[in-house]
Amino acid sequence: MIQSNMAPQGMAVTPHHLASESALAVLRDGGNAIEAMVAAAATIAVVYPHMNGLGGDGFWLILPPGGDPVAIDASGAAGSLAHHDFYADHLKIPHRGPKAALTVAGTVSGWQEALNLSAEMGTPPLPLARLLRDAIRYAADGIPVTASQSAATATFRSELQHQPGFSATFMPDGNVPQPGSRFTQPALANTLSQLTEEGLDSFYRGPLAHHMADEMTTLGMPVTLADLQQHRARRTTPLHLSHSEGDIWNITPPTQGMVSLAILGITDRLEMAEADDAQTVHRIVEATKKAFALRDKHITDPRHVTEDLQALLDSDHLATLASQIIDGEAAAWGNGRGPGDTVWMGVMDSSGLAVSFIQSIYHEFGSGVVLPGTGITWQNRGAAFSLDPDHLLALAPGKQPFHTLNPAAARLKDGRTLVYGAMGGDGQPQTQAAIFTRHVIQGLPLQQAVSAPRWLLGRTWGQSSDSLKLEGRFDDETVLMLRLWGHEVELLPDFSESVGHAGAIVRHSNGMFEGASDPRSNGSAAGF
């Protein structure tokens, strides 16, 4: 894909074309970008179930046509039973199974809080049943299995097939579903229908919450009804970076939004406009190492953050870090946090309202636990906690875990508005930096900036190395130069999911919308 899609009235970009069309249909029906995003979020939960779902978390970054952006933290805390004694027979928190499903799922609360904000903007609301209509139909009638879902099921079959509800949901005939086969989720269809009848709050304080809590107790999960009832999404003021090209925003802790801003703040002090591919990768990778060090020192549950991260972004500290980067010399670094799977989506409407959004169950298929009677796969985000009581990310009941999720947005000095993001754990801030640098600073057309070969510093699934991984489409000279500069380079396939599914939307100063989706995904940029 080398051409962006453009449209005059609105644009939606998601990693699955059916979710893009759900958002677009809401825009056509007079809904705004927030309502369109709720529709897309519900649909993507059905059609990309290995990447996200109702049992996960979400983060919103909303830019109104004028005024300050608003962020929504819809991430859940550790259950009240998730204490050290609960894991007394474990050296670390498991990544799969009921003991991995230890945090409240926040994403549905984010849908509700976003709709509350939409109502405050004075937009006549569309009924919730309208917003969830596509998702319900796809869950009940079935969708064609993507190659991504099929491959993920095959890859993780051995570790997931015995988890409660997994095989019955994702391998109903005992086999890995093949790409293009029909996949139905009747229990999830019923759950979505129940939410349209009882309201989204039923997930936390209604009949659905009571049912889920009973099932959690039976399965031995450390989340209780009281934990669900206490959860609410919260609005926050996003972190801000004053960049030479404009204003950039991202999400506050417990996410690594600061990392994405720090990378761009550091590279803004370097000469990126005329950099070739090898220089671009090297400088962003070296900035990433500096930003990861900041992350690992500071980012945790916001109640436990001791540093003023906004002040750090506003200070001369990033300039100091930039001065430490040496062209032609790769610095040593520690370890990444590893991979993570999620979905980034963006929507803009004709009023200029823009939404950058991420929804995730952490690892592919999350904990692997599907709550009986609901079709909801519960996340394993709590596996990010440490059982070391002195660790920054030490487990405690009611504590929010560290998140890699961080949707981004920018208002550029030339009048453009940009929302962008990606899936992929450690790769998210790196991909954001690649897209922003290539498109905004180096002038590469938007779709080409998303499609161009990317890299990942850190681990991918099944790999323990924290090497610099490059897609195979980089030319030989670039690979050679990076190796000569001291980078431990490994090569990935040409279009690898390991570097994430990215996307972006630009609203130009004349009001026209431009969208780019990732050819590594099943997505689309849909406008009208």
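See the structure above.
Residues numbered from 1 in each chain as written. Predicted model: local features only at pLDDT ≥ 70, side-chain atom pairs only at ≥ 80, totals over all residues. Heavy atoms only, no water.

Novice: Quick question: what am I supposed to make of the overall build of the protein chain here?
Specialist: Assigned secondary structure in the protein chain consists of 18 helices and 21 strands. Against the globule reference of 24 Å for 528 residues, the protein chain gives a C-alpha radius of gyration of 21 Å, in line with a compact fold. In terms of overall dimensions, the protein chain has a C-alpha envelope of 60 × 55 × 45 Å along the principal axes. Of all 528 residues assigned to the protein chain, the portion counted as buried reaches 63%. When contacts within the protein chain are restricted to residue pairs at least 6 apart in sequence, those whose partners lie at least 24 apart make up 73%. Counting only carbon and sulfur atoms, one obtains 49% of the accessible surface of the protein chain, whose full area is about 18000 Å². Side chains of the protein chain give 34 positive and 54 negative charges; the mean places of these two sets differ by 1 Å. (Helix = DSSP H or I, 4+ residues; strand = E, 2+ residues; numbered from the N terminus. Rg over C-alpha atoms; globule rule 2.2 N^0.38 Å. Buried < 20%, exposed > 50% of the residue type's maximum accessible area, 1.4 Å probe, protein only. Contact = heavy atoms within 4.5 Å. Areas by Shrake-Rupley, 256 points an atom, 1.4 Å probe, with all protein chains shown as cover. Lys, Arg positive; Asp, Glu negative; His and termini not counted. Charge placed at Lys NZ, Arg CZ, Asp CG, Glu CD.)

Novice: Would you explain the packing of helix α13 (residues 277-298) against helix α16 (residues 427-441) in this entry?
Specialist: In a pair of packed helices, the angle between the axes and the distance between the axes together describe the arrangement. The geometry of α13 relative to α16 is characterised by a closest axis approach of 10 Å and an angle of 140° between their N-to-C directions. Overall, the two elements α13 and α16 adopt an arrangement that is oblique. Remark: the crossing between α13 and α16 carries right-handed chirality. Taking contact as the criterion, the partners of Thr-280, Ile-284, Thr-288 and Phe-292 in α13 are, on α16, Pro-429, Gln-430, Ala-433, Ala-434 and Thr-437. (Axes fitted to C-alpha atoms, helices over the stretch in contact; angles between N-to-C directions. Parallel < 35°, antiparallel > 145°, perpendicular 65-115°, else oblique. Left-handed = near helix turned anticlockwise from the far one by under 90°.)

Novice: Is there a simple way to explain the sheet that holds strand β18 (residues 489-492) in this structure?
Specialist: Remark on secondary structure: sheet strands pair via backbone hydrogen bonds, oriented parallel or antiparallel. Here 3 strands make up an open sheet; going across it, the order is β16-β17-β18 and the pairing mixed. The strands lining the two open edges of the sheet, one partner per strand, are β16 (455-457) and β18. Pairwise comparison of adjacent strand axes, ignoring direction, gives a mean angle of 20° for this sheet. Across 3 bridges, the pairing between β16 and strand β17 (residues 468-471) is antiparallel. Paired with Trp-455 across the strands is Leu-470, a residue of β17. Contacting β17 and β18, helix α18 (residues 476-484) crosses the sheet at an angle of about 150° to β18. (Pairing = 2+ DSSP bridges.)

Novice: Whenever I open this one, the pattern of salt bridges confuses me. Can you help?
Specialist: Note that side chains of opposite charge can pair when their charged atoms are close. For the structure on display, the rule yields 17 salt bridges. Among the salt bridges present, the one from Asp-29 reaches Arg-130, with a minimum N-O distance of 2.9 Å. Of this pair, Asp-29 sits in the loop between α1 (17-28) and α2 (33-47) while Arg-130 sits in helix α4 (residues 128-131), and the two are 101 residues apart along the sequence. The exposure class assigned to Arg-130 is buried, which follows from its relative accessible area of 11%. With its nearest N and O atoms 2.8 Å apart, the salt bridge here joins Arg-520 to Asp-518. The two residues Arg-520 and Asp-518 agree in class, both being buried. Through salt bridges with shared partners, a single ionic network connects Arg-454, Glu-471, Arg-473, Asp-518 and Arg-520. (Salt bridge = Lys/Arg side-chain N within 4 Å of Asp/Glu carboxyl O.)

Novice: Explanation requested: a negative patch on the surface in the structure shown.
Specialist: A surface patch of like charges, here negative, comprises Asp-276, Asp-277, Asp-475, Asp-476 and Glu-477. The exposed category is assigned to Asp-476, whose relative accessible area is 69%. (Patch = residues over 30% accessible without salt bridge, like charges linked within 9 Å, V, L, I, M, F, W, Y side chains within 5 Å.)

Novice: Got a minute to help me understand the packing of α1 against α2 in this structure?
Specialist: Between α1 and α2, whose axes approach to 8 Å, the crossing angle comes to 155°. On the basis of the axis angle, α1 is roughly antiparallel to α2. For the pair α1 and α2, the sense of crossing is right-handed. Mapping the contact onto sequence places Leu-18, Ala-19, Ser-22, Ala-23, Val-26 and Leu-27 in α1 and Ala-33, Glu-35, Ala-36, Ala-39, Ala-40, Thr-43, Ile-44 and Val-47 in α2.

Novice: I keep staring at the nonpolar core and nothing clicks. Help me out?
Specialist: Side chains of nonpolar character tend, in soluble globular proteins, to be buried together. Among the nonpolar cores identified, the biggest contains 79 residues, and Ile-34, Leu-54, Trp-60, Trp-111, Phe-203, Met-212 and Trp-378 are the most heavily contacted of them. With 13 residues, the top contributor of residues to this core is α2. Apart from residues no more than four positions distant in its own chain, Phe-203 is found in contact with Leu-54, Ala-105, Val-108, Leu-195, Leu-208, Ala-209, Met-212, Leu-228, Ile-376 and Trp-378. (Core = buried A, V, L, I, M, F, W, Y, C linked by side-chain atoms within 4.5 Å.)

Novice: Help me out: how do you make sense of the sheet that holds strand β20 (residues 513-517) in this one?
Specialist: With antiparallel pairing, the 7 strands of this open sheet are ordered in space as β1-β20-β19-β15-β14-β9-β8. At either end of the open sheet lies a strand with only one pairing partner, and these are β1 (5-7) and β8 (239-243). Neighbour-to-neighbour, the strand axes of this sheet turn through a mean angle of 15°, independent of strand direction. The sheet contacts of helix α12 (residues 257-267) involve β8, β9 (246-250) and β15 (417-422), and relative to β8 the element is tilted by about 10°. Running at roughly 145° to β15, α16 makes contact with β8, β9, β14 (408-412), β15 and β19 (502-507) of the sheet.

Novice: Whenever I open this one, the pairing of strand β4 (residues 70-74) confuses me. Can you help?
Specialist: Side-chain direction in a regular strand flips from residue to residue, so the side chains alternate between the two faces of the sheet. Burial runs high along β4: 4 of the 5 residues are buried. Note: strand β3 (residues 57-63) against β4, 5 bridges, orientation antiparallel. From the neighbouring strand, Leu-61 faces β4, where its bridge partner is Ala-71. As consecutive antiparallel partners, β3 and β4 are separated by 6 residues, and within that stretch Gly-67 has a phi angle of approximately 95°, a positive value.

Novice: What is the right way to look at the packing of aromatic side chains in this model?
Specialist: Think of a pair of aromatic rings as described by two things: how far the centres are apart, and how the planes are tilted against each other in angle. A full pass over the atoms with the stated rule returns 9 aromatic pairs. One aromatic cluster is present, built from ring pairs that chain together Phe-166, Phe-170, Phe-183 and Phe-365. Seen from the ring of Phe-292, Arg-295 lies directly overhead, with NZ or CZ sitting 4.0 Å from the centre. (Phe/Tyr/Trp six-rings, centres within 6.5 Å; stacked < 30°, edge-to-face > 60°. Lys NZ or Arg CZ within 6 Å of the ring centre and 35° of its normal.)

Novice: Explain unusual backbone geometry here, please?
Specialist: Of all residues except glycine, most have a negative phi; of all peptide bonds, most are trans. For the bond running from Pro-253 to Pro-254, omega is 20°, close enough to zero to count as cis. Along the polypeptide, Pro-254 turns up in the loop between β9 and α12. Even without a glycine there, the phi angle at Tyr-362 is positive, about 75°. Turning to its location among the elements, Tyr-362 is positioned in the loop between β11 (354-360) and β12 (370-371). You will see that Phe-365, though not glycine, has its phi angle at about 65°, which is positive. Assignment of secondary structure puts Phe-365 in the loop between β11 and β12. In this structure Phe-365 comes out as buried when scored by relative accessible area, which is 0%.

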